[in-house]
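Structural overview for review
Here's the letter readout for the chains.
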Amino acid sequence: ATAAAATAVAERPSLLEGVASRGGGSGSGATGGGGGGGAFRFLPDPPLVALEVEASQAALAVLLHLHTAGEEPAASGGTKGGGDDKSQSDAQAAAAASSRHRLAGLATRILRDFARLASDEGGGCVGAQARDEINARAPLAVDALKALARFSDDLFAEKVEEAFPVLTALVRCEHAPAEVTRVLGEVFTAKIGPLVISSLGKS
């Protein structure tokens, strides 16, 4: 792995190479006016969207794990073992309580940003660059929707006022990839539908 990384670095265009080629061409200024001035070579821009997507996916996974792990001891009705098991259960519950609001906020923000990107708010057609960004961010939107579907019932009911406008905005997105639309339907079936039925039953 180290050798492969070294090879990749060695094959990457170097700023020093650009400086050397420019300096060796002509001494008549920055434009290198003569026949030997080479073009200045820059390092490629970092893949910022890909890095943001990977970081957000990692944060979602960690927060969702803390949330679901904290819910499991409560759902099982307590612990069977002694003090160590109880302290571990208490720690999981505390981690879940501290992560639930951050998890809901992160998932909602991801979906809100994606809905804004994939909507027609910019006016009509989506250009090639915007479509590339939509496709790059689609897996993150799918992960955020799947996280919503795994919210505990009480957490989803608590955050539904924030989540529902975002979900309906995604429904109106004509440029959302098919996978986003499919998982969005699953969220409505698993979470929104039961809430509506429950509210109708109470009324």
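In short, a report on the structure. (Residues numbered from 1 in each chain as written. Predicted model: local features only at pLDDT ≥ 70, side-chain atom pairs only at ≥ 80, totals over all residues. Heavy atoms only, no water.)

**Notes on the overall build of the protein**
Selection criterion: Under the DSSP-based scheme used, a helix requires at least four consecutive residues in state H or I and a strand at least two consecutive residues in state E, with every element numbered from the N terminus. Using a 1.4 Å probe on the protein chains alone, a residue whose accessible area is under 20% of its type maximum counts as buried, one over 50% counts as exposed, and one in between counts as partly exposed. The contact definition used throughout considers only heavy atoms, calling two residues in contact when any of these lie within 4.5 Å.
A count of helical and extended segments in the protein gives seven helices and zero strands. Moving toward the C terminus, one meets the helices and strands of the protein in the order α-α-α-α-α-α-α. Taking all 203 residues of the protein together, the buried fraction comes to 29%. Across the protein, the fraction of contacts at a sequence separation of at least 24, relative to all contacts at a separation of at least 6, is 77%.

**Considering the nonpolar core**
What counts, and what does not: Buried Ala, Val, Leu, Ile, Met, Phe, Trp, Tyr and Cys residues form a nonpolar core when they are joined through side-chain atoms within 4.5 Å.
Counting 37 residues, the largest nonpolar core has Leu60, Leu111, Phe114 and Leu145 as the members making the most contacts within it. Breaking this core down by element, the ones donating at least two residues are α3 (48-75), α4 (83-118), α5 (128-149), α6 (153-171) and α7 (178-202).

**Remarks on the side chain of Lys191**
Rule in force here: Distance and chemistry together define a polar contact, namely a pair of N or O atoms within 3.5 Å, with one atom able to donate a hydrogen and the other to accept it when in protein, and with adjacent residues in sequence counting only for side-chain atoms on both sides.
Residue placement: Lys191 occurs in helix α7. Note on Lys191: relative accessible area 7%, which makes it buried. For Lys191, the side chain forms a polar contact with the main-chain oxygen of Phe151, separated by 2.6 Å.

**A word on the side chain of Thr108**
Within the secondary structure, Thr108 sits in helix α4. The contacts of Thr108, once residues within four sequence positions are left out, are Glu162 and Val166.

**Describing the environment of Ala147**
Position of Ala147 relative to the elements: it lies in helix α5. Here the alpha-carbon distance between Ala147 and Ala104, two residues 43 residues apart in the chain, equals 8.7 Å. Sequence-distant contacts of Ala147, that is, excluding residues within four places in its chain, are made with Leu60 and Leu64.

**So, the packing of aromatic side chains**
The following threshold applies: In summary, the pairing rule links any two rings of Phe, Tyr or Trp, Trp by its six-membered ring, whose centres are within 6.5 Å, and it sorts them by plane angle into stacked for under 30 degrees, edge-to-face for over 60 and tilted for everything else.
This model, assessed by the stated rule, comprises one aromatic pair. Measuring from ring centre to ring centre gives 6.4 Å for Phe164 and Phe188, while their planes differ by 65 degrees; the resulting arrangement is edge-to-face. Highlighted residues: Phe164 in helix α6 and Phe188 in helix α7, separated in sequence by 24 residues. With a relative accessible area of 24%, Phe188 lands in the partly exposed category.

**Notes on the packing of α5 against α7**
For any two helices packed against each other, one specifies the crossing angle of their axes together with the interaxial distance. To be explicit about the condition: A fitted line through C-alpha atoms serves as each axis, taken over the contacting stretch for helices, and the angle formed by two N-to-C directions is quoted from 0 to 180°. We call two directions roughly parallel when the angle between them is under 35 degrees, roughly antiparallel when it is over 145, roughly perpendicular when it lies between 65 and 115, and oblique otherwise. The nonpolar class holds Ala, Val, Leu, Ile, Met, Phe, Trp, Tyr, Cys and Pro. Asp, Glu, Lys and Arg form the charged class, and all remaining residues, Gly among them, are polar.
Axis separation between α5 and α7 bottoms out at 9 Å; the angle between their running directions is 10 degrees. For the element pair α5 / α7, the angle class is roughly parallel. Listed contacts from α7 to Ala138, Ala141, Val142, Leu145, Lys146, Leu148 and Ala149 of α5 are Glu179, Val180, Val183, Leu184, Val187 and Lys191. Of the residues that constitute the contact of α5 with α7, the class distribution is 10 nonpolar, no polar and three charged.

**Description of the pattern of salt bridges**
Two side chains with opposite charge may pair up if their charged atoms get near one another. For the record, the criterion: Only one rule defines a salt bridge in this text: a Lys or Arg side-chain nitrogen within 4 Å of an Asp or Glu carboxyl oxygen.
Scanning all chains against the criterion turns up nine salt bridges. The partner of Asp113 in a salt bridge is Arg109, with the nearest N and O atoms 3.6 Å apart. Of this pair, Asp113 and Arg109 both sit in helix α4, four residues apart, roughly one helical turn. In this structure, Lys191 and Asp153 form a salt bridge, with 3.2 Å as the shortest nitrogen-oxygen distance. One end of the pair, Lys191, is in helix α7; the other, Asp153, is in helix α6, and 38 residues separate them in sequence. With a relative accessible area of 62%, Asp153 lands in the exposed category.

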